[in-house]
Amino acid sequence: MKGGQRDSSEGTQGARGKMTLPLALVALISAFGSSFQYGYNVSVINSPAPYMQDFYNSTHLERTGVPMDRGFQTLLWSLTVSMFPLGGLFGSLLVWPMVNSCGRKGTLLINNLFSIAAAILMGTSELAKSFEVIILSRVLVGIFAGLASNVVPMFLGEMSPKNLRGAVGVVPQLFITIGILAAQILGLQGILGNARGWPVLLGLTGIPSLLQLLALPFFPESPRYLLIQRGSEERARTALQRLRGRQDVDEEIREMYQEDRSEKEEGQFSVLSLFTLRGLRWQLISIIVMMAGQQLSGVNGVFYYADRIFESAGVHSSSIQYVTVSIGAINVVMTLLAVFIVESLGRRILLLAGFVLCSASCAVLTLALNLQSSVSWMSYLSIVCVIAYIIGHAIGPSPIPAVMITEMFLQSSRPAAFMVGGSVHWLSNFTVGLLFLYMEAGLGPYSFLIFCAICVATLLYIFFVVPETKNKTFMEINRIMAKRNKVEVQEGQEPKDSYPLSRQEEKKSLSSTEM
């Protein structure tokens, strides 16, 4: 019994990892090269919108000799905005086939081509006198963002030790917020958000991709992908040793083989398997609820209303762009805070606290917006609600769902899960963008009561269904979900040393054969 306890404690200690330089660098390079651009392209067209629309009109006038019809201009601008989330949906649909055939790192490298092509087209659109290439580029950069938003969390989640998986998993969302902030700063009228600077502002998106294309090949592929999906223990062991900064990685190799055996019992996974297998039922429902709740909780609506709220509070219209930048900075700071507290507080607490804050903010904001014309201080309460909402969304609903997809699924089903989760994310994003203006026109401030109801519904689901995954191996999480699904986990009964021969054992075996 004592011996068994000792082995277990040594295994737990062995599985704990530290933040090594290679792990930190691969997280920074992949997050800056991919996630940063997602955030950058979310907000890059907001500031220069009037100048871009003038370009659309002048190009049409030059071609036809008549000014562009207002309805046609609105249509073109709507396409410019909406092609990004639509491209994101297309990119999400590519996740499953690409990561399985090209690997996680390989997919990120190939994905850079979409971003670089889009950057060149957008940067030269004014010279080419073509607004069509801007719309095409928004589709391309959307495909890039759709792939990046799913593959980066998967890649980093598979490379991280279990005690750092949450913190490293939040890094992509941190860089998304940094990308939004960078676009807001560079989009200030005094920098690039003007008639001469907007093509450069749009074209800058290619620089992070170029850096990632040059730097990422020097870092290893996901060890779990190499061993479980490619069957190469030697390459997986080498990658793990480099990422962990130590030679002894047997505990993690053993855990990977355990996961591999469990999945072989279940058979080959496809996207259809997620919807048909009882053993994945609650995992699937959970990621759909969390990803839909993330986007349908009103984050885009709050940002849309923010300028109007600050203006009603007496902020001069020329200063609102700086207030927008300050909101972006709050978003970055709170997501950075999530990086440091996710491993101590856990995923569930951050999700629950975030949705509580978002739902309360939406409810109070509805009241404040309705009363601000009759009660003067209500406009300041509206500002507090906007800031509180952004803090709530930044600590939980924004960063945690992608971490949970990584943790709630095993290796073979994870790409399909990200494909489904990513598709729900981008479809929800597209739906809010399409419907919010109609909601706002019909319901006004009462729109936020719908968002409040969605936040409460998501909150209740997480409270009753979603387990805590902090500091657990993928197999431990799989066992928790198996109980909820009322299925047995097929792990086999092999003793702990029953995995394929390591290189040292192979050498011993070879030498004994030669004798």
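Residues numbered from 1 in each chain as written. Predicted model: local features only at pLDDT ≥ 70, side-chain atom pairs only at ≥ 80, totals over all residues. Heavy atoms only, no water.

> Teacher, can you tell me more about the overall build of the chain here?
Along the backbone of the chain there are 25 helices and 0 strands. Out of the 515 residues in the chain, the part that is buried amounts to 56%. Total accessible area on the chain stands at roughly 21,900 Å², and carbon and sulfur atoms take up 65% of it. (Helix = DSSP H or I, 4+ residues; strand = E, 2+ residues; numbered from the N terminus. Buried < 20%, exposed > 50% of the residue type's maximum accessible area, 1.4 Å probe, protein only. Areas by Shrake-Rupley, 256 points an atom, 1.4 Å probe, with all protein chains shown as cover.)

> Would you take a moment to explain the side chain of serine 43 for this structure?
Examined against the element boundaries, serine 43 turns out to sit in helix H2 (residues 21–43). From its side chain, serine 43 meets the backbone oxygen of isoleucine 180 in a polar contact 3.3 Å long. Not counting chain neighbours up to four residues away, the residues in contact with serine 43 comprise Ile180, Ala183 and Gln184. (Polar contact = N/O pair within 3.5 Å; in protein donor to acceptor, adjacent residues only side chain to side chain. Contact = heavy atoms within 4.5 Å.)

> Looking at this model, I keep getting lost on the pattern of salt bridges. Mind explaining?
Any two side chains of opposite charge can pair, on the condition that their charged atoms come close. With the rule as written, the count across this model stands at 13 salt bridges. Residues arginine 63 and glutamate 132 are paired through a salt bridge, measuring 2.7 Å at the closest nitrogen-oxygen approach. Within this pair, whereas arginine 63 is found in helix H3 (residues 49–64), its partner glutamate 132 is found in helix H8 (residues 132–159), the two being separated by 69 residues in sequence. On the accessibility criterion, arginine 63 (45% relative accessible area) is partly exposed. The partner of arginine 347 in a salt bridge is glutamate 343, with the nearest N and O atoms 3.1 Å apart. When its relative accessible area of 0% is taken as the criterion, arginine 347 is described as buried. For glutamate 343, a relative accessible area of 18% gives the class buried. (Salt bridge = Lys/Arg side-chain N within 4 Å of Asp/Glu carboxyl O.)

> What should I look at first to understand empty space enclosed by the protein in this one?
If you roll a probe as big as a water molecule over the atoms, it shows you where there is empty space left. Enumeration over the complete set of coordinates arrives at 1 cavity of 30 Å³ or more. For the largest cavity, the calculated volume is near 30 Å³. Together, Pro153, Gly157, Arg165, Gly169, Ala402, Val403 and Thr406 line the largest cavity. For the lining of the largest cavity, the elements supplying multiple residues, two or more each, are H8, helix H9 (165–186) and helix H21 (400–408). Ranked by the residues each element gives to the lining of the largest cavity, the list is headed by H21, at 3 residues. (1 Å grid on protein atoms, 1.4 Å probe; cavity = no way out; pocket = protein on both sides within 12 Å on 5 of 7 lines; lining within 4 Å. Points joined across faces, edges and corners; volume = space filled by probe spheres on them.)

> What am I meant to see in the environment of glutamate 252 here?
Mapping glutamate 252 onto the fold places it in helix H14 (residues 250–266). Setting aside its immediate chain neighbours within four residues, glutamate 252 contacts Leu240, Arg244 and Arg246.

> Looking at this model, I keep getting lost on helix H5 (residues 95–102). Mind explaining?
Think of an α-helix as turning once every 3.6 residues; residues three or four places apart then point the same way. What H5 keeps buried is the set Val95, Met98 and Val99. Summarising the axial view, the buried residues of H5 lie within an arc of 90°, below the 170-degree limit, and thus occupy one face. Of the surrounding secondary structure, the elements contacted by the buried residues of H5 are helix H4 (70–93), helix H6 (104–123), H8, helix H12 (223–229) and helix H22 (414–443). The positive-phi residue at the C-terminal boundary of H5 is glycine 103, with phi of around 85°. (Arc of directions from axis to C-beta.)

Worth remembering: the numbers are spatial, not functional.
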